[in-house]
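Descriptive structure summary
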Amino acid sequence: MGAQKKKDAARVPEGLSRQRLQAIVIADSFNTRFRPLTLERPKVLLPLVNIPMIDYTLAWLESAGIDEIFVFCCAHSLQLIDHLKKSQWCSLVRTIVSHKSTSVGDALRYIYEQQHTETSQIQGDFVLVSGDTVSNMPLAELIREHRERKKRDEKAIMTMVIKKQCSRLRLGSDQLFVAVDPVTKQLLYYNEGGEVCLDKSLVLDTSVLVCNDVKDCYIDICSPEVLSLFEDNFDYQHLRRHFVKGLLVDDIMGYKIFTHEVHSSCYAARIDNLRSYDTVSKDIIQRWTYPYVPDISFSGNHPLKLGRRGMYRASDAVQSRSADIGASTVIGYGTRIGNGGKIFNSVIGNGCSIGSNVVIQGSYIWNNVTIEDGCEIRNAVVCDGVKIRAGAVLQPGVVLSFNVVVGRDFVVPAYSKVSLLQQAIKDDSDEELEYAYSSRGTADLLSGVNNLQMESKASELGPDGAGYIWEVFDSSHDEEWWKHSIVPIPMEKLADITQVTDDGDIEDESVVPPRGELKSDNDSISTDANDPNDDDYGYFQREVRETFLRAVEEDNNVDHVTPLINSLRFSYNMASADCAGAIFYSMMRLAVDSPHNSTSELYRNATSIINKSKGLLGFYVKQIDEQIEVIMKFEEMCEETAELVPLFAQIVHFLYDKDVVQEDAILRWGEEKAGADESDKVYLNQCEAFIQWLKEASEEEEDEEDS
Amino acid sequence: MPDVQSMVAEFVNKLRKRKIEGSQATAKCTVELLRSVISHQRVPHANQAAALIDAVKAVGQQLVAANPVELAVGNVVRRVLHIIREEDLSLTTAAMAGLDLLDASDDDDIDNCKGIGYPAMSAAVVAAAARSTLRPPSLQTLLEGTPESATVPYTSSSGADSESKTADKSSLTRKLKHDVIEGVNQLIQEISGCHEQIAEQAIEHIHQNEVILTLGSSRTVLEFLCAAKEKKRSFRVFVAEGAPRYQGHLLAKELVARGLQTTVITDSAVFAMISRVNMVIIGAHAVMANGGVIGPVGVNMAALAAKKHAVPFVVLAGSHKLCPLYPHNPEVLLNELRSPSELLDFGEFSDCLDFGAGSGSLQVVNPTFDYVPPNLVSLFITDTGGHNPSYMYRLIADYYSADDLVM
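Residues numbered from 1 in each chain as written. Chains lettered and ligands numbered in written order. Predicted model: local features only at pLDDT ≥ 70, side-chain atom pairs only at ≥ 80, totals over all residues. Heavy atoms only, no water.

Secondary structure summary: chain B contains 17 helices and 10 strands in total. Relative to its full complement of 407 residues, chain B shows a buried share of 52%. Pairs at least 24 apart in sequence give 82% of the contacts found in chain B among residues at least 6 apart. With an accessible surface of roughly 18,100 Å², chain B has 56% of that area assigned to carbon and sulfur atoms. (Helix = DSSP H or I, 4+ residues; strand = E, 2+ residues; numbered from the N terminus. Buried < 20%, exposed > 50% of the residue type's maximum accessible area, 1.4 Å probe, protein only. Contact = heavy atoms within 4.5 Å. Areas by Shrake-Rupley, 256 points an atom, 1.4 Å probe, with all protein chains shown as cover.)

In structure tokens:
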């Protein structure tokens, strides 16, 4: 180790003029979004406009002046190594294989460990990208900037590339919020997806630039310290979620991350899901990625000819005169297209044969696919070797994995994923699954296929089909399946989401302008502080309710429950008014949920519960404000549960009787509500008589005191 | 040899990735590469020329395939092939003459000077005959008569005769290679000197107080204008900016630095300004065999405007830009579509490119070149002088062998 360092030190002065540039390409996504395709082929070898994804990344890195590229392979490493050996980059690329890694963190740790054993090693700053990056941005400037900054400031270990972008839906990625120091470009805050929780000091500092209209390109210039940081913090898995957040939040050794906003004329995108696969393919066809476009042979591929209206055609593609081939279409080598076909906005690979009267729209047909007469394919991904028998229909969003056969006249339902491999029984450790499959080897796989063909009569894809339809069981994906699917986002969803974002924008605009400096007036801070709390409050309320129910079931007395609720209160950072609201909410819920036939019965339930736990509630409603909160909460609940509406006045009265709520609180509530809308006054009107009575009573009291 | 191969691979790579820009730079790189290919090529005893031609052709095909849009590559490869054929021809004729000469006087110089010696005459006749069978005689040859053309191959081979009276094959081989490399060196000089050659003629074309319009940026045009300026001509230059790459801005900067009166206009203002212009001068990307011009995008518009107002439209082109192909030839890719990001800001327009097939999506087309038909061109100025568009095919016949048109 010591000798190593000396060697390095000796190398530095001579290397100052021209340091070798190195890059690490992580050729595995460590997620399951491309299932079932990734069971049979590594994601980075999936063809993107007929060229494997990783070729785009390598071609870009090479032309950006990188001298040595380390490709980290994990799943299906043999296929990948084979591909790299055959490619024109074999002299440039070194492969690092580890099957045990399940995350980027593991990969970097492995690379760090290997450094001391292998001759090849990371000698200085390196570029860290994933193998599915498509870009044409120049890196030289960026690396120079990083090095200069590093010279000035030892702690600047990473430069992250961000890019301005309007719509996050384009690539189906999550909303990104970053805070950047506009002068030094230091990254101060990073949040992708989830709720935004800005530090108050950030909001108060007027000079900080907070923006949500940028995209993270996942292109980083890192110093060697990054590797050792991963080594030191063995729990870092995800580069952004753990490493960046760790550096920003925990402030490890004062290391800093900087950002570089690329000029918008450069293209940079990462293929993270099928949605971005679709978008990036279209961008390539539209030539935004120039010079990495199909009619230029940048990776030793045969260039296609570019015709009118953005049609790329191989010189030997055979096409019937009556076939109608629309704009922005790519047709690969040796492909034949029959009579009367209609092909729009699609990419068709090499060696495909397409029968007569086939409709293909917005789809990606890979190599050696056979499509028989009269099929209809819309917004689908069809992998190598698939056979689609005559008259079959693929509804939007279908993904057909390798060598699947779709039976005659069979309709594959929308958004289904079909593979020859059976879907594994639900397994929590998703990541390991992929490696289990890959290690099983092709022999197993083939036998599986044979079995399948034998029992093909019982296939799920029609009498002469072969393949299993996968269920989408991942609930987290389920919510947003439309966001990651290859189908253009459905109109109604689009309307929903734009409405949501519009609403968000309106809210944001008062607080956080999309781009610009923050005003630190009081309003903005208070709303900003409340914003994240809203959701927190939901969780808090749920937990309080659960605690309360448990307490009721076990008949615990007040003394036991209060500490529990107090601890919840502190962990969620809630006021005691919030606690009072939550407890009251739990009580009324319980009352509503317990069996009852009429409103009077419900009332009885409620009163008994209030009677039982008024001690607990009383603990939190010592102040008038807290009592008002209880009444407001009750109002809210009535809105949700119609059953409670007629009981409003009665229960308030009951609360008053039991000294949970004092008359001042009720009167104050009445005053507050007096100015509200008519619709809001429903409950106030109900209580009119009661309030009147209270007023009179208090006047009498006063009178008595006066006299 | 592997050394050459790696050089070829590297250059092919550069061409593919569009890393070399400008036809002069490309032409120069190509010809230098070919020179090293030739010098490293082992030549068999028999049929040396064919071996060289095959080697050059093989490399040439790779280069052309790497970037078919850059026609200068193909032109230079064909020029080199032509040089090999010429040298081979002159050597064989000289060898034949040498055999005849065996009995004749040793002193070639005297023969040569007199130009009337029977054997020398016969060699010249053979050479001329051989040439005429290979390709149509150039106009120059016709005009200047046989004696000139006869002496040229003869002098070039005179050394060979004195050295190897026995017509030794191996020395002949060395000779051929040597001569070819000489010829290629001349070509290199010609390419690198084409700017000066063209600029020398500036004074004949640009007159006092004229207004010149140009479009985009071309080194040739810059040198041409500056040469006229150096000769104390005072004139004004309008530079159309050449969207979307705006190279006209760079040209304007250079011109002002050299002390010319320069005005930058938008491309769309060309028609409005053309009535005040005395001459349009542009640099070509390539000149086709029919006299059509491939130039930066927008050139056709300028040419049409010039035609409408009867303003002379002058095209400057070094000889490496003369392409023996016709624009209707399917082999010729006339255009290259570059990234739309030169036109639009991707970030701002990403919304319009969204959501695919359903709603209408935005398409951006960014062609690099324009084609100007020959009838719109008034004059070509090459390093050999000014020519009419209809004369281009003759000029091309001088530079290229018919055998090489299809590589």
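On a plain count of helices and strands, chain A comes out with 21 helices and 35 strands. In chain A, which comprises 707 residues, the share counted as buried stands at 53%. A separation threshold of at least 6 residues defines the contact pool for chain A, and within that pool the share at least 24 residues apart is 60%. As displayed, chain A has an accessible area near 31,700 Å², and 49% of this comes from carbon and sulfur atoms.

All names here are of chain B. Sheet analysis places strand 7 (residues 313–316) next to strand 9 (residues 379–382), joined by three bridges and oriented parallel. Across the sheet, the residue bridging to leucine 316 is isoleucine 381, located in strand 9. Both strand 9 and strand 10 (residues 385–387) contribute to a ladder of three bridges, which runs antiparallel. Within strand 10, the position partnered with threonine 382 by the bridge is glycine 385. (Pairing = 2+ DSSP bridges.)

We now examine the confidence of the model for chain A. The predicted coordinates should not be examined in detail at positions where pLDDT is low. Predicted confidence across chain A gives a mean pLDDT of 76, with 79% of residues reaching 70 or more. Low pLDDT, under 50, characterises residues 502–533 of chain A; the predicted model gives this stretch 48 contacts beyond four residues in sequence or across chains. (pLDDT = per-residue confidence, 0-100.)

Backbone-to-backbone hydrogen bonds pair the strands of a sheet. The strands run either parallel or antiparallel. All names here are of chain B. With respect to topology, three strands assemble into an open sheet ordered 5-6-8, the strand pairing being antiparallel. Only two strands of the sheet have a single partner each, and these edge strands are strand 5 (286–287) and strand 8 (369–372). Judged from the four bridges that link them, strand 6 (residues 293–296) and strand 8 form a sheet pairing that is antiparallel. In the sheet register, proline 296 faces strand 8, and the bridge partner there is phenylalanine 369.

Before going further, it helps to spend a moment on the pattern of salt bridges. All names here are of chain A. Overall, the coordinates contain 27 salt bridges over all chains when judged by the stated rule. The salt bridge partner of aspartate 153 is lysine 256, with a shortest N-O separation of 2.9 Å. In this pair, aspartate 153 is assigned in the loop between helix 5 (140–152) and strand 8 (156–164) and lysine 256 in strand 13 (residues 256–261), connecting sequence segments 103 residues apart. Residue classification places lysine 256 among the partly exposed positions, given a relative accessible area of 26%. Linking arginine 389 and glutamate 372 is a salt bridge whose minimum nitrogen-to-oxygen distance equals 3.3 Å. With arginine 389 in the loop between strand 29 (387–388) and strand 30 (393–394) and glutamate 372 in the loop between strand 26 (370–371) and strand 27 (376–378), the pair connects residues that are 17 residues apart, well separated along the chain. Judged by its relative accessible area of 22%, arginine 389 is partly exposed. If you follow the salt bridges from partner to partner, you end up with Lys43, Asp132 and Arg270 in one network. (Salt bridge = Lys/Arg side-chain N within 4 Å of Asp/Glu carboxyl O.)

A word on the nonpolar core. Residues and elements named next belong to chain A. Of all hydrophobic cores here, the largest spans 106 residues; its most connected members are Val71, Leu139 and Ile388. The biggest single contributor to this core is helix 2 (residues 53–63), with seven residues. Ignoring sequence-local partners within four residues, the contact set of isoleucine 388 consists of Thr370, Ile371, Glu372, Cys375, Ile377, Val382, Leu394, Leu400 and Val406. (Core = buried A, V, L, I, M, F, W, Y, C linked by side-chain atoms within 4.5 Å.)

The next thing to look at is the sheet that holds strand 10 (residues 187–192) of chain A. Residues and elements named next belong to chain A. The antiparallel open sheet is built from three strands, whose spatial order is 10-9-11. A strand with exactly one partner marks an edge of an open sheet, and here the two such strands are strand 10 and strand 11 (209–211). Within the sheet, the average angular offset between the axes of one strand and its neighbour, ignoring direction, is 5°. Sheet analysis places strand 9 (residues 176–180) next to strand 11, joined by three bridges and oriented antiparallel. Within the sheet, the bridge partner assigned to valine 180 lies in strand 11 and is leucine 209. (Axes fitted to C-alpha atoms, helices over the stretch in contact; angles between N-to-C directions.)

All names here are of chain B. With respect to the helices, strands and loops of the structure, threonine 220 is situated in helix 12 (residues 219–230). Judged by relative accessible area, threonine 220 falls into the buried class, the value being 5%. Discounting residues that sit within four places of it in the chain, threonine 220 has contacts with His195, Ile198, Leu316 and Lys321.

Another point: the packing of aromatic side chains. Residue and element names in this part refer to chain A. Inspection of the entire model under this criterion finds 12 aromatic pairs over all chains. Ring geometry for phenylalanine 72 versus tyrosine 110: centroids 6.3 Å apart, planes at 70°, classification edge-to-face. Placement of phenylalanine 72 in strand 4 (residues 68–73) and of tyrosine 110 in helix 4 (residues 104–114) is noted, with a sequence separation of 38 residues between them. Members of the aromatic cluster, joined through ring pairs, are Phe34, Tyr277, Tyr364, Trp366 and Phe402. Lying over the aromatic face of tyrosine 255, lysine 155 brings its terminal NZ or CZ to 5.1 Å of the ring centre. Seen from the ring of tyrosine 218, arginine 270 lies directly overhead, with NZ or CZ sitting 4.3 Å from the centre. (Phe/Tyr/Trp six-rings, centres within 6.5 Å; stacked < 30°, edge-to-face > 60°. Lys NZ or Arg CZ within 6 Å of the ring centre and 35° of its normal.)

Turning our eyes to something else, we now look at the pairing of strand 3 (residues 261–265) of chain B. Residues and elements named next belong to chain B. The pairing of strand 2 (residues 236–240) with strand 3 spans five bridges and is classified as parallel. Each bridged residue has a counterpart across the sheet, and for valine 237 the counterpart in strand 3 is threonine 262. Following the chain from strand 2 across helix 13 (residues 247–257) to the adjacent parallel strand 3, one finds a crossover that is right-handed. (Right-handed = clockwise from strand over helix to strand, strands pointing away.)

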